[in-house]
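# Inside the fold
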Amino acid sequence: MILRNIELASITDKIAELALEANVRLRPDVLASLKAALSVEESPMGRRVLEQLIENAKIALESALPICQDTGIVTVYVKLGRDARIEGDLFESVQEGVRRAYLEGYLRKSIIRHPALGVENTGDNTPAAVEIEMVDGDSVDLTVMPKGGGSENVSSLKMLPVSGGLTAIEGFVLEVAAGSAAACPPLILGVGIGGNFADVAGSAKRALLRRIDDRNKEPRLADLEERLLKRVNGLGIGPAGLGGRVTALAVKVEERSCHIACLPVAVSVSCHALRSASGTVVPSSTVVP
Amino acid sequence: MVKEIRLPLTPETARLLRAGDEVGISGTIYAARDVACRRLAELIRSGERLPVDLHDQVIFFAGPTPVPPGRACGAVGPTTSKRMDPYTPELLEAGVRGMIGKGPRSPEVVSSIRRFRAVYFVATGGAAALLSTFVTRCEVFAWPELGPEAIWRLALEAFPAFVAIDIEGGDIFTEGRKGYSSNC
């Protein structure tokens, strides 16, 4: 078998680059969706807010300022090629990239070491959460996702009664959306259904990585997403919670197999500043053992 | 029409503002969030000296990003006001006339706002690069050891906001939805 060397320094460099990019450059699909929302929104205040958000994205990119002062807690998704060889501590090389971006990029450091006591800022916005998945190939795909505290706070997980089925699922999503006026709507809702208590929240959050305008490959779930979006927008919460037609830009559902007695559902709420950036690190050399 | 407001926020100015008004705020404000607001409330309760005279002041619930070289201010925008609800009645009683934040407030806070004839403004959350262009000066003012939670002093020039809760308790978060929500 031929293995290909991935330099840890390249991973650090790429993470630093992506963390900065995610904070400063609004995802093109999100920006396009905000522009589309402007043609739907009827509330004058809602329209004003949407205009500000579109202008904000432009200024952030031009002046390399963060889109939001809450530069978040970072999750890094690593897709590690099975034929890639890494010598050393992959986890630490990712943290080093996050550290560099936050220290050198004038991003806010919002992480405390002892949340139970509410003390000791780590000073560099680490540690980031790191999820590693093995995939085919010999390269490493990286996605950096910073997420703010306000939208994390309204996210929720519930073990629903199996008898409740779709009705209970939709009710729960609506309940979470109804409590999200302060979480900077228009929102993007990632919904995880199934799996288990521990990983359903992960599914919900990963759903936010899907393109705003994509369509669920599973027609049943695509219908559910559309129906939920319509119902959430019927709440009237509107941009910034000031009232209006556009409360959410998208609802994304991810489903996983699950125990017959359980129906875990998680809703990961994202503000309109849904931030992520992806890139790939390719091998620098080939190793023939 | 945008109503221009010059700080400090006097009772006379506060009286002219109604929920839903679009405003441009100019003058000096203090940015404080969770820990700083809690400390202020504790000092008020124990009758100790505050780092700033709060009379007719406006508190901005915010923690800006570090100031990059060559700029007046880093990215700055409102954080969720609800977390400051427990401290708000004491801050208002100590003289705070206005707050800038995002999101709805508790019924207790709404009644405190009415009682002390204060105003709650909202600025657009997640528009921190845009909002920073209305800040002409920005510095850590007190408790630098709190890092992002220190009190900052900011000079604003026509800073865009909306009146969310007015002196009569008019509340955009309850009134704004009317006409846009549907039963489904």
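The paragraphs below set out a description of the structure included in this document. Here the residue numbers are simple positions, counted from 1 along each chain's written sequence. Written order determines the labels here, with chains lettered from A and ligands numbered from 1. Per-residue local features are limited, in this predicted model, to residues with pLDDT of at least 70; the limit for side-chain atom pairs, both in listing and counting, is 80 or more; totals at the level of whole chains, interfaces and linings are taken over all residues. Each side-chain value is derived from all of the structure's non-hydrogen atoms; neither hydrogens nor water enter the calculation.

For the rest of this paragraph, the subject is the side chain of Ser33 of chain A. Residues and elements named next belong to chain A. Strands here mean DSSP runs of E at least two residues long; helices mean DSSP runs of H or I at least four residues long; both are numbered from the N terminus. With respect to the element layout, Ser33 can be found in helix α2 (residues 28-38). On the accessibility criterion, Ser33 (13% relative accessible area) is buried. Should any heavy atoms of two residues lie within 4.5 Å, those residues are counted as being in contact. Among all residues touching Ser33, those that are not within four sequence positions of it are Ile212 and Leu249. Classification of residues uses two cut-offs on accessible area relative to the type maximum, computed with a 1.4 Å probe and protein chains only: under 20% is buried, over 50% is exposed, and between them is partly exposed.

The topology assignment puts Glu218 of chain A in the loop between α7 (200-207) and α8 (219-233). Residues Glu218 of chain A and Val253 of chain A lie 35 residues apart in sequence; the distance between their C-alpha atoms is 9.9 Å.

Our next topic: the packing of aromatic side chains. All names here are of chain B. Each aromatic pair joins two rings of Phe, Tyr and Trp (for Trp, the six-membered one) with centres within 6.5 Å, and gets the label stacked for planes under 30 degrees apart, edge-to-face for over 60, and tilted for any other angle. Inspection of the entire model under this criterion finds 2 aromatic pairs over all chains. Plain terms: the ring middles of Phe60 and Phe159 are 5.5 Å apart, the flat faces sit at 70 degrees to each other, and that makes the pair edge-to-face. Of the two residues, Phe60 is situated in strand β3 (residues 58-60) and Phe159 in strand β7 (residues 151-165); the sequence distance between them amounts to 99 residues. For the residue pair Phe60 and Phe159, the accessibility class agrees, reading buried in each case. Criterion for a charge above a ring: Lys NZ or Arg CZ within 6 Å of the ring centre, and within 35 degrees of the ring normal. Above the ring of Tyr120, the side-chain terminus of Arg105 is found at 4.8 Å from the ring centroid.

As a measure of interface size, the accessible area lost when the parts come together is often cited. The interface of chain A with chain B comprises 43 residues on the first partner and 43 residues on the second. By convention, the term buried area covers the 1.4 Å-probe accessible surface removed from two parts as they join, with the contributions of both added. For the chain A and chain B pair, buried surface summed over both sides reaches about 3400 Å², with 63% attributable to carbon and sulfur atoms. Any Lys or Arg side-chain nitrogen located within 4 Å of an Asp or Glu carboxyl oxygen qualifies as a salt bridge. Counting across the interface, chain A meets chain B through 1 salt bridge. As a salt-bridge pair, Arg48 of chain A and Glu22 of chain B come within 2.6 Å of each other at their nearest N and O atoms. Two N or O atoms count as a polar contact when they lie within 3.5 Å, although within protein this holds only if one can serve as hydrogen donor and the other as acceptor, and sequence-adjacent residues are included solely when both atoms are side-chain atoms. Our count for the chain A to chain B interface comes out at 14 residue pairs in polar contact (both at pLDDT 80 or more). Only α3 (44-63), α5 (149-154) and α8 of chain A provide two or more residues apiece to the side of chain A that touches chain B.

With that settled, the discussion passes to helix α6 (residues 165-178) of chain A. Residue and element names in this part refer to chain A. For α6, with 14 residues, the first-to-last C-alpha span of 20 Å sits near the 20 Å given by 1.5 Å per residue. Of the residues making up α6, those classed as buried are Ala168, Ile169, Glu170, Phe172, Val173, Leu174, Val176 and Ala177. In this structure, the buried side of α6 is in contact with α5, β8 (156-160), β9 (187-195), α8 and β11 (263-270). To estimate how far a helix should extend, the number of its residues minus one is multiplied by 1.5 Å.

It is worth spelling out the pattern of salt bridges at this point. All names here are of chain A. For the structure shown, the criterion picks out 43 salt bridges over all chains. A salt bridge links Asp13 to Arg100; the nearest nitrogen and oxygen atoms lie 2.8 Å apart. Within this pair, whereas Asp13 is found in helix α1 (residues 8-24), its partner Arg100 is found in helix α4 (residues 90-104), the two being separated by 87 residues in sequence. Residue Asp13 is classed as partly exposed on the basis of its relative accessible area, which comes to 41%. Among the salt bridges present, the one from Glu17 reaches Lys14, with a minimum N-O distance of 3.5 Å. Of this pair, Glu17 and Lys14 both sit in helix α1, 3 residues apart, roughly one helical turn. Assessed through its relative accessible area of 42%, Glu17 is described here as partly exposed. On the basis of relative accessible area, Lys14 is assigned to the buried category, the value being 19%.

Residues belong to a common nonpolar core when they are buried Ala, Val, Leu, Ile, Met, Phe, Trp, Tyr or Cys residues joined through side-chain atoms within 4.5 Å. Ranked by internal contacts, the top residues of the largest apolar core, which has 96 residues, are Leu242 of chain A together with Ile25, Phe60, Ile100, Phe121 and Leu154 of chain B. Ranked by the residues each element gives to this core, the list is headed by β7 of chain B, at 10 residues. Setting aside anything within four residues of it in sequence, one finds Phe121 of chain B in contact with Ile5, Leu9, Leu17, Val23, Ile25, Met99, Ile100, Gly101, Ala161, Phe162, Val163 and Ala164 of chain B. Ile169, Leu174, Ala183 and Leu189 of chain A belong to the second largest nonpolar core, which has 25 residues in total.

Below, the discussion takes up the sheet that holds strand β7 (residues 140-147) of chain A. Residues and elements named next belong to chain A. Two strands make a pair as long as DSSP finds a minimum of two bridges between them. Taken in spatial order, the 4 strands of this open sheet run β6-β2-β7-β12, and their pairing is mixed. Both edges of this open sheet fall to β6 (129-135) and β12 (277-281), since each of them pairs with a single strand only. Between one strand axis and the next, the sheet turns through 20 degrees on average, direction left out of account. In the sheet, β7 pairs with β12 via 5 bridges, with the strands oriented antiparallel. Of the residues in β12, the one forming a bridge with Val140 is Val281. Under this scheme, a helix contributes an axis fitted over its contacting stretch, all axes are lines through C-alpha atoms, and angles between N-to-C directions fall in the 0 to 180 degree range. Its contacts with the sheet place α1 against β2 (73-81), β7 and β12, and it is angled at close to 40 degrees to β7. Strands β2, β6 and β7 of the sheet are contacted by α7, whose axis makes an angle of about 90 degrees with β2.

Keep in mind these values describe shape, not function.
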